[in-house]
Structure formats: C-alpha cells, structure tokens
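Chain by chain, the residues run as shown.
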Amino acid sequence: MSTYTPKPADLSDVNLPAELEPLIEQMAKNVHDVWAQSRINDGWTYGPERNDEKKHHPCLVEYEELPDSERAYDRDTAIGTLKLILKLGFKIEK
C-alpha cells in the first residue's frame, strides 16, 4: 500500500471578484447543510459535545448558530471551490 500524498491545486494566484462575495456565504451555508444532512442520515443528533459513540455533534445546528471557526471552515471550502472553477478556465455568471 502506498502513502497518500494530497496534491491540492495551487490557487494562490486566483483572486475572486467582489461580486462573488454573496455567493460565498450562500455556498458556505449549503456546504454545512449537506454535511449536516449526511450526519443526520447516518443517525447523528445534536449534542453539546461531540460523542462518536452516541453520535452526538455540537455543529448540528443552523449555519448562523455555528461558532465563527466552523463558519470560516465552510467559507474556506466555498472559496476554494470557486477559485478552482476559475483556475480551470470556467466563468461564473449570473
């Protein structure tokens, strides 16, 4: 078995246009909702502390109720996705 070495695309040269700012927050909320739905489908419920045995997770709340650090994680995922789309030569239009 070989060792996995992640090779994410270098996105440091990609700047997102200001008009995509509202899209970032909408995407971040959706990233959270997709994650939460997957957890719920697997039998997880809200709990004030994470407990893998009982399947409790403190982030099974509305996006707006998440701690700033968790919302930042979801935003980073959205930003990375948008940057990759642009890096690959696609255009984002409304």
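Residues numbered from 1 in each chain as written. Predicted model: local features only at pLDDT ≥ 70, side-chain atom pairs only at ≥ 80, totals over all residues. Heavy atoms only, no water.

**Q** Where do I start with the side chain of Arg-39 in this structure?
**A** With respect to the element layout, Arg-39 can be found in helix H1 (residues 21–41). Asp-52 provides the closest opposite charge to the buried, salt-bridge-free Arg-39, at an N-O distance of 5.3 Å. What Arg-39 contacts, discounting residues up to four positions off in sequence, is Trp-44, Arg-50, His-57 and Leu-60. (Helix = DSSP H or I, 4+ residues; strand = E, 2+ residues; numbered from the N terminus. Buried < 20%, exposed > 50% of the residue type's maximum accessible area, 1.4 Å probe, protein only. Lys, Arg positive; Asp, Glu negative; His and termini not counted. Salt bridge = Lys/Arg side-chain N within 4 Å of Asp/Glu carboxyl O. Contact = heavy atoms within 4.5 Å.)

**Q** How should I be thinking about the packing of H1 against helix H2 (residues 68–87) in this particular structure?
**A** The description of two helices packed together rests on the angle between their axes and the distance between the axes. Two elements in contact, H1 and H2, have axes separated by 8 Å at closest approach and are oriented at 115°. In this structure, H1 meets H2 at a crossing whose hand is right-handed. Counting all contacts with H1, which are made through Leu-23, Ile-24, Glu-25, Met-27, Ala-28, Val-31 and His-32, the residues of H2 involved are Asp-74, Arg-75, Thr-77, Ala-78, Ile-79, Thr-81 and Leu-82. (Axes fitted to C-alpha atoms, helices over the stretch in contact; angles between N-to-C directions. Left-handed = near helix turned anticlockwise from the far one by under 90°.)

**Q** How do you make sense of the environment of Ile-85 when you look at a structure like this?
**A** Tracing the chain through its elements places Ile-85 in helix H2. Sequence spacing of Ile-85 and Ala-18 is 67 residues, and the spatial spacing of their C-alpha atoms is 16 Å. When neighbours within four sequence positions are excluded, Ile-85 is seen to be in contact with Phe-90 and Ile-92.

**Q** I would appreciate a short explanation of a nonpolar patch on the surface in the present structure.
**A** On the surface, Leu-84, Leu-88 and Phe-90 cluster together into a nonpolar patch covering about 310 Å² of accessible area. For Leu-88, the position within the fold is in the segment after H2. (Patch = residues over 30% accessible without salt bridge, like charges linked within 9 Å, V, L, I, M, F, W, Y side chains within 5 Å. Areas by Shrake-Rupley, 256 points an atom, 1.4 Å probe, with all protein chains shown as cover.)

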